[in-house]
Amino acid sequence: MNEVINSILTRRSIRKYKETQVSDEELNNILECAQYAPSGMNNQGWHFTVVQNKDMLKKIKTVVSEALTKPADFDPFYNSPTIIIVSNSSNITPEADSALAIENIFLSAHSLGLGSCWINILNGLRDNPKVQELFKELQIPENSTVYGSVSLGYNAGEEPSAPPRKTGTVTILK
Ligand SMILES: Cc1cc2nc3c(=O)[nH]c(=O)nc-3n(C[C@H](O)[C@H](O)[C@H](O)COP(=O)(O)O)c2cc1C
């Protein structure tokens, strides 16, 4: 099967990660693919904040757990060794552009043998003052809004099978 189609059909959200870190080469490949996503009026307003520092990963987990009053071991990022936070300063189509960049991250990661998952928690908490402080510490540009984040790493679990797809979602008029 065509490699791109195969990658699209076999990518799954991964929720268990090995400790092994993503290499710089893999990361750079993935970030380049992210930046080649289309964007409304070619705005390219995205910013990718990559966190691999263990103390900072722990801090993100702690701030989120406290904001949600969850137990300290709560980790919405599934202990992935890398987190990519996607923010965007476009005043045209920031959410759509961010989602397209994130899908490029997912597909390129999968084609390199890496697992990934969209993690929505940070955009849900982006107005929380403690989370805003965290964003400052992470050097997320002040003029950009967080639209999503990605857990990234090697899959430590089974290869999930695709959830059944809904039918009746296509109309073709010929
Ligand atoms: C906008 C968006 C937000 C999501 N947020 C989360 C999330 O916070 N945590 C999570 O585990 N999965 C999240 N997911 C992953 C979905 O649950 C997953 O894509 C869906 O169940 C289909 O599975 P698949 O990705 O393996 O095809 C999100 C997906 C999208 C598109």
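All of these numbers come straight from a predicted model, not from anything done at the bench.

## Points about the site of the ligand
Looking at the ligand, the residues that line it are Arg11, Arg12, Ser13, Arg15, Tyr78, Cys117, Trp118, Ile119, Asn120, Pro163 and Arg165. Tryptophan 118 has a polar backbone atom sitting 3.3 Å from a nitrogen atom of the ligand. Within the side chain of arginine 165, a nitrogen or oxygen atom sits 3.1 Å from an oxygen atom of the ligand. When the free accessible area of the ligand is taken as 620 Å², the share hidden by the protein chains comes to 60%. By residue class, the composition of the shell around the ligand is five nonpolar, two polar and four charged.

## Considerations on the side chain of serine 149
Topologically, serine 149 is positioned in strand S4 (residues 145-153). Residue serine 149 is classed as buried on the basis of its relative accessible area of 0%. Serine 149 has contacts with Phe77, Ile84, Ile85, Val86, Ile102, Cys117, Trp118, Ile119 and Leu122, leaving out every residue within four places of it along the chain.

## Some details on unusual backbone geometry
Phi at tyrosine 78 takes a positive value of approximately 55 degrees, unusual for a residue other than glycine. Relative to the elements of secondary structure, tyrosine 78 occurs in the loop between helix H3 (54-67) and strand S2 (82-88). The residue asparagine 79 is not glycine, and still its phi comes out positive at about 55 degrees. Position of asparagine 79 among the secondary structure elements: in the loop between H3 and S2. For asparagine 79, a relative accessible area of 53% corresponds to the exposed category.

Basis of the calculations
Residues numbered from 1 in each chain as written. Predicted model: local features only at pLDDT ≥ 70, side-chain atom pairs only at ≥ 80, totals over all residues. Heavy atoms only, no water. Near = heavy atom within 4 Å. Polar contact = N/O pair within 3.5 Å; in protein donor to acceptor, adjacent residues only side chain to side chain. Areas by Shrake-Rupley, 256 points an atom, 1.4 Å probe, with all protein chains shown as cover. Nonpolar A, V, L, I, M, F, W, Y, C, P; charged D, E, K, R; others polar. Helix = DSSP H or I, 4+ residues; strand = E, 2+ residues; numbered from the N terminus. Buried < 20%, exposed > 50% of the residue type's maximum accessible area, 1.4 Å probe, protein only. Contact = heavy atoms within 4.5 Å.

What is shown is where atoms sit, not what they do.
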